[in-house]
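Working through the structure, step by step
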Amino acid sequence: MNTIADNIKAIENQLSQGVRLVAVSKFHPVEMVRQAYDAGQRIFGENHVQELVAKAPQLPDDIQWHMIGHLQTNKVRMLMPHVDMIQSVDSIKLLRTIEKEAARIDRTVDVLLQLHVAREETKTGFATGELLSALSVGELDNIPHVRVRGLMAMATNTDDQQQIEREFQLVNDTFRLIKDEFYAGHDEFDQISMGMSDDWPLAVKHGATLVRVGSAIFGPRQYK
Ligand SMILES: *Cc1c(COP(=O)(O)O)cnc(C)c1O
């Protein structure tokens, strides 16, 4: 059986330069995160606030924790001391809350804007038009404690590779459009987070700079 270290090494060997691996450790115990850490992994993704907040203090300080799941505004305060990047910003209200809570503890936090491109209605995120109009009317202005680093997205859960590739390319096109229109000259707007265990090579092909991989590193999750 492959170890966590083997799995990380295998993925790292295939990643292009400039693409970073987010190890998605949700539902996996601290000991498994530690094994990944010992193999050199430093970026970890969680999708529940309680789980991230419980794990972070038990693990080394140089881990970068990324929040990748839907985030409720009333959990932002609890999350803020522990998180390095919030990838799952899916509303202006959430963005404003993040600004307020980051300011309250005098820090700056990186975020990605989550774009809804999948066919499933259950997946959260901004519709493209909604995000573009929010940007146009200045709803993302005046957030000095937030650094908008780019976009995050999830493809439809399907075996249709062409569908997945179309969605990833759409994210890439939207990233470029937003960069040119609203973040030209902002070097920090440079990240596209997309791709999971089954589709990360396709995501990289279409411009991902962060891939979020869980089961291909840690094995199947045990949902309790
Ligand atoms: C769980 C999760 C992943 C990782 O999924 P795997 O299929 O286990 O690689 C990636 N992104 C998000 C948002 C997730 O919730």
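Each chain carries its own residue numbering, running from 1 in the direction its sequence is written. Selection of residues for local features in this predicted model requires a pLDDT of at least 70, selection of side-chain atom pairs for listing and counting requires 80 or more, and totals for whole chains, interfaces and linings are taken over all residues. Heavy atoms from the whole structure form the basis of all side-chain values; hydrogens and water molecules are not counted.

It is worth spelling out the packing of aromatic side chains at this point. Working definition: a ring pair exists when centres of Phe, Tyr or Trp rings (six-membered ring for Trp) sit within 6.5 Å. Plane angles under 30 degrees give stacked, over 60 give edge-to-face, the rest tilted. Evaluation of the coordinates by the stated rule reveals three aromatic pairs. Both rings, one in Phe44 and one in Trp65, keep their centres 5.8 Å apart while their planes meet at 40°; by these two values the pair is tilted. In this pair, Phe44 sits in strand E2 (residues 43-46) while Trp65 sits in strand E3 (residues 64-67), placing the two residues 21 residues apart along the sequence. We note that Phe44, like Trp65, is buried. Here the aromatic rings of Tyr183 and Phe189 are separated by 4.3 Å at their centres, their planes lie at 5°, and the arrangement is stacked. Only protein chains enter the area calculation, which uses a 1.4 Å probe; residues under 20% of their type maximum are buried, those over 50% are exposed, and those in between are partly exposed. Judged by relative accessible area, Phe189 falls into the buried class, the value being 1%. Aromatic rings pair up to connect Phe175, Tyr183 and Phe189 into one cluster. Here the basic side chain of Arg42 rests over the ring of Tyr37, its NZ or CZ set 3.6 Å away from the ring centre. Put simply, DSSP H or I for four residues or longer makes a helix, DSSP E for two residues or longer makes a strand, and each gets a number counted from the N terminus. A positively charged side chain is recorded as over a ring if its NZ (Lys) or CZ (Arg) lies within 6 Å of the ring centre. The angle to the ring normal must also be within 35 degrees.

Moving on, we get to the site of the ligand. If even one non-hydrogen atom of a residue comes within 4 Å of a molecule or strand, that residue is called near it. Taken together, Val24, Lys26, Asn47, Ile68, Met154, Met196, Ser197, Arg212, Val213, Gly214, Ser215 and Arg221 make up the full set of residues near the ligand. Under the rule applied, a polar contact is a pair of N or O atoms within 3.5 Å (in protein, one hydrogen donor and one hydrogen acceptor; residues adjacent in sequence only if both atoms are side-chain atoms). At 2.5 Å from an oxygen atom of the ligand is found a side-chain nitrogen or oxygen belonging to Ser197. The side chain of Arg212 places a nitrogen or oxygen atom 2.9 Å from a nitrogen atom of the ligand. Residue burial considers only the protein chains on display, and all accessible areas are found by Shrake-Rupley using a 1.4 Å probe. Notes on the ligand: free accessible area 390 Å², of which the protein chains cover 91%. Class assignment of the residues belonging to the shell around the ligand gives a composition of five nonpolar, four polar and three charged. Any residue that is not Ala, Val, Leu, Ile, Met, Phe, Trp, Tyr, Cys, Pro, Asp, Glu, Lys or Arg is counted as polar, Gly included; the first ten are nonpolar and the last four charged.

Residues belong to a common nonpolar core when they are buried Ala, Val, Leu, Ile, Met, Phe, Trp, Tyr or Cys residues joined through side-chain atoms within 4.5 Å. Of all hydrophobic cores here, the largest spans 66 residues; its most connected members are Ile86, Ile98, Val111, Val211 and Ile217. Whether two residues touch is decided by their heavy atoms; if any such pair falls within 4.5 Å, the residues are in contact. Excluding anything up to four places from it in sequence, Ile217 contacts Ile4, Asn7, Ile8, Ile11, Leu21 and Ala23. Within the second largest apolar cluster, eight residues are counted, among which are Val22, Ile43, Met85 and Leu112.

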